[in-house]
Each structure stands twice: as structure tokens, then as C-alpha cells.
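Structural overview for review
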Amino acid sequence: MRESLDHWPYILGAYGVGVSALIVLVVLSWLAMKRAEKRRDEVKRR
Amino acid sequence: MLAGGAVVWGLFFAPAEALQGESVRIVFIHVPSAWLGMGGWAGIAIASAMLLIWKHPLAAIAARAIAMPGMVFCAICLATGSIWGRPTWGTWWEWDGRLTSMLVLLFLYAGYIALTQTNARSGGSEKIAAIFGLVGAINIPIINRSVVWWNSLHQPPSITAGKSAMTAEYLIPLLVAVIGFSLLFGAVVLMRMRTLIAEQQIEARLRRRALDDQPVIPSRPLAESV
């Protein structure tokens, strides 16, 4: 007899990979933008 | 919010499907990622064409800004597809047309990012990256038609222009997810465009300042010129 595979670990794994990758992308893009604009303002002021 | 709502909807409220079972929930993150991975390269190709034809100054910045989120969505598509394949197909990976052409797209993104970063550092021509962006676009119709042209484990397109093989209980959350992830993609592209513009302004200002600070060296000694 073949046991049916539990799909939930795969579903949670897929959502974990997808959502965490998107959070990292958004946070890093936001930080890079803020850092670049802050540096530009500093260079302008000097 | 739309992306988050769609994720919650797909994860907790969408019903299990008769053939795929519970793993159908992965579709709500896999399909938008696939579309945006391909859409991202289409955006690069359009921006590249604008750069080559009209030499629009924002075109190169837009193309560079699209590349990273495009690559991330492409990677999410491949990862979630692989995870979905294990319980559904019984394998993590299959070298068929759809999966292989999507993997090629990931490598194209990596190559494009490496090329544009090298160009930005060494002051190389933006045209080379634009040509790369246009040539790479050949892969997009190949990905799209791969399930029709070749025998594939991957199912044929469920949603085509004007009709859908999906019922409303899957189609509606999927469309919400597509809209939500597209807005997220757009927001990331705008953030990256602002970053690139700020970096260019810093570089221009520093270069101008360096030129202004240089002492003026007369071509002949002053005594001679008088």
C-alpha cells in the first residue's frame, strides 16, 4: 500500500522561500535607496 | 497589501484541487513569479529598444532597475516550481523545455546584471547591455510556447487570452496575487531607479568638483606670455 504524501511541508516551504525572498528584496532596495539619497544630500551640502 | 492578502487567501482559504491536492496553493505564488520573471525581461527589452532608438536617458536606468527584481521573481518561480514538482510529479527537477528555458532566463538575468555593473564601474558603453537585453528577449516566446512545442511534464497554459481553464475559486485569488505582486515589482523598480539616479548625481557632482579643484596650469610660463 502506498502512503499519500503530506503536501503541507512543501506548501509552507514554497511560501517561506517566496515571501522571505520578496521581503529581503524590498528591504534591501529600500535601504539602498535611502543610503544613496542621504549620500547625495551630503555631497550637495559639502 | 494585495500581495499579502493573496498569499493568505491562497494559503488558508483556497480549496484543495482534485488532481493536485493541497499543493495547488503553491500556484498563487509560483504563477505571478513566473509572469513577472518573464515580464521583467520584456521590460528590459523595451527599455533597451528605447535606449538604442531614441537614446532616452532614463531607459538605461529603467532597464538596470528592472533586472534585479526580475531575477528574484525568476528564482522564486524556479524554487517554488521545484518544490511543487516534488509532491505532484514525484521529482524536484526535469530537464524539459519549460523548466530549462526558465533556468536560461535566470542565467540571462545574472549575465545582464554582471554586464551592467561592469559597465557602470568602468564607464563602458550602455549599448552593449541594450543589445544583450534585446537578444535575450528571444527566450521569452520560447518559454511561453515551450509547453506547446515540446512534450513536457509541465501542464499547458491554463490562462490564455480571453479564456481560462481555471474555476473562479482559483482564478480570482490568482488574479489578485498577480496584481499585488506586480505592484510590488513596480515599487521595487521605482526604488532602484531612485537609487541609480542618486548614484549618478553623486558621481556627476564629485567629478565636477574634482575638475573645479584642479589648479589652472598655464600652457606657457607667465613671464613669457606677458
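See the structure above.
Description of the structure in this document. Each residue is numbered by its place in its chain's sequence as written, counting from 1. To label them, take the chains in the order written and letter them from A, then take the ligands in the order written and number them from 1. The model is predicted, so local features are restricted to residues of pLDDT at least 70 and side-chain atom pairs to those at 80 or more, both for listing and for counting; the totals for chains, interfaces and linings are taken over all residues.

1. Re the overall build of chain B
Of the regular secondary structure elements, chain B holds eight helices and two strands. Helix and strand assignments come from DSSP, with helices taken as H or I runs of at least 4 residues and strands as E runs of at least 2, each series counted from the N terminus. Going from the N terminus to the C terminus, chain B shows its helices and strands as α-α-α-α-α-α-β-β-α-α. Taken against the 2.2 N^0.38 rule, which gives 17 Å for 226 residues, the C-alpha radius of gyration of chain B at 23 Å runs more than 25% over that of a compact globule. C-alpha extents for chain B along the principal axes are approximately 95 × 35 × 30 Å. Buried positions account for 36% of the 226 residues belonging to chain B. Throughout, a pair of residues is in contact if the C-beta atoms placed from their backbones lie within 7 Å. By sequence separation, contacts in chain B at least 24 residues apart represent 73% of the contacts at least 6 residues apart. Atoms counted for the radius of gyration: C-alpha only. Globule rule: 2.2 Å times residue count to the power 0.38. The burial criterion counts other C-beta atoms lying within 10 Å of a residue's C-beta, which is placed from the backbone; the residue is buried at 20 or more, exposed at 12 or fewer, and partly exposed between these limits.

2. Structural notes on the packing of helix α3 (residues 57-89) of chain B against helix α4 (residues 97-122) of chain B
Residues and elements named next belong to chain B. Close contact between α3 and α4 brings their axes to 9 Å; oriented N to C, the two are set at 150°. The orientation of α3 with respect to α4, classified from their angle, is roughly antiparallel. Crossing handedness for the pair α3 and α4: left-handed. Within the contact between the two elements, α3 uses R64, A67, M68, G70, M71, C74, A75, C77 and L78 and α4 uses M102, L103, L105, L106, Y109, A110, Y112, I113 and T116. Residue polarity follows a fixed list, in which Ala, Val, Leu, Ile, Met, Phe, Trp, Tyr, Cys and Pro are nonpolar, Asp, Glu, Lys and Arg are charged, and the others, Gly among them, are polar. A class-by-class count of the residues in the contact of α3 with α4 yields 15 nonpolar, two polar and one charged. Axis definition: a line fit to C-alpha positions, over the contact stretch in the case of helices; interaxial angles, taken between N-to-C directions, run 0 to 180 degrees. For classification purposes, angles smaller than 35 degrees are called roughly parallel, those larger than 145 roughly antiparallel, those between 65 and 115 roughly perpendicular, and all remaining angles oblique. Crossing handedness is defined as follows: a turn of the near helix away from the far one that is anticlockwise and smaller than a right angle gives a left-handed crossing, while the clockwise case is right-handed.

3. So, the interface of chain B and chain A
Facing 31 residues of chain B, the contacting portion of chain A comprises 25 residues. When contributions to the side of chain B that touches chain A are tallied by element, the ones reaching two or more residues are α1 (2-13), α2 (27-54), α3 and α7 (168-213) of chain B. The biggest single contributor to the side of chain B that touches chain A is α7 of chain B, with 12 residues. For the side of chain B that touches chain A, the per-class residue count stands at 18 nonpolar, six polar and seven charged.

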